Amino acid sequence: MLRATGRYADAWFPALILRPKEYARGLEAVQTAASDAGRDPTCITPAVWQFVITGRSQQEVEETLSSEAAKAFALNVPAEMWASHGAQHPLGADFSGGQDLVPQTLDKETVLSYIKDVPVSMLKEAILTGTPGDVIDQAAEWRDHGLRYLVACNVSILQPSLRKGMASNAPFFKILRALKKL
């Protein structure tokens, strides 16, 4: 797929790339394929979709990361990353991520049993988290690994408190403004 992207596409916009170094390796493969096909590799826009959990304070971020909703979101993370945090993915060691998840087959009790041991450290690695300054620093690392276009998806609403979830929009907008300057 990376070679086809390099040969024919105008952008590389992968799903579920969770680490900047993985992104850089994929981008290098795309750009090499573009060059091999006689295309200018710099004409391919490097993009990625990243989920963001932010808040007005680190305490609000931690509350969100510890919520059942955020932990349920972690079921989208590949088993390999769970293992790197000392945990086993409840859907199996070969679970490759959100594309394998069929949520309509899971009832509430099953999901709650699956998420009881979600490592918060894994969520912090899998998505951009923290106060606006923290998130901007993380986005800068992605930029340093070749990313030029970040699609930031605010999942801070997963905060257990609706009021705090809605209030998380203010720090998220601060992040969006800062991303324009990166």
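Anything mentioned here points back to the structure above.
Residues numbered from 1 in each chain as written. Predicted model: local features only at pLDDT ≥ 70, side-chain atom pairs only at ≥ 80, totals over all residues. Heavy atoms only, no water.

S.K.: Whenever I open this one, the side chain of Thr 54 confuses me. Can you help?
M.R.: You can see Thr 54 is positioned in the loop between β2 (45-53) and α3 (58-65). Here Thr 54 falls in the buried class, since its relative accessible area comes to 1%. A polar side-chain atom of Thr 54 sits 2.7 Å from the main-chain carbonyl oxygen of Gly 130. (Helix = DSSP H or I, 4+ residues; strand = E, 2+ residues; numbered from the N terminus. Buried < 20%, exposed > 50% of the residue type's maximum accessible area, 1.4 Å probe, protein only. Polar contact = N/O pair within 3.5 Å; in protein donor to acceptor, adjacent residues only side chain to side chain.)

S.K.: Mind showing me how you'd approach the pattern of salt bridges here?
M.R.: Where charged atoms from two side chains of opposite charge approach closely, those side chains can pair. Considering all chains together, one arrives at 10 salt bridges under this definition. Notably, a salt bridge pairs Glu 80 with Arg 19, separated by 3.5 Å at the nearest N-O pair. Remark: Arg 19 occurs in the loop between β1 (11-12) and α2 (20-36) and Glu 80 occurs in helix α5 (residues 79-84); sequence separation between them is 61 residues. Looking at Glu 80, the relative accessible area reads 56%, which means it is exposed. With a closest N to O distance of 3.1 Å, Lys 164 and Glu 63 form a salt bridge. Here Lys 164, found in helix α9 (residues 162-167), pairs with Glu 63, found in helix α3; they are 101 residues apart in sequence, far enough to count as distant. (Salt bridge = Lys/Arg side-chain N within 4 Å of Asp/Glu carboxyl O.)

S.K.: How should I be thinking about the packing of aromatic side chains in this particular structure?
M.R.: Both the distance between ring centres and the angle between the ring planes are used here to describe each pair of aromatic rings. Per the counting criterion, the structure on display carries five aromatic pairs. With a centroid separation of 4.8 Å and an interplanar angle of 75°, the aromatic rings of Phe 51 and Phe 73 are classed as edge-to-face. Note that Phe 51 is positioned in strand β2 and Phe 73 in helix α4 (residues 68-73), a separation of 22 residues in sequence. Here the aromatic residues Trp 12, Tyr 23 and Trp 142 are joined through ring pairs into a cluster of three or more. (Phe/Tyr/Trp six-rings, centres within 6.5 Å; stacked < 30°, edge-to-face > 60°.)

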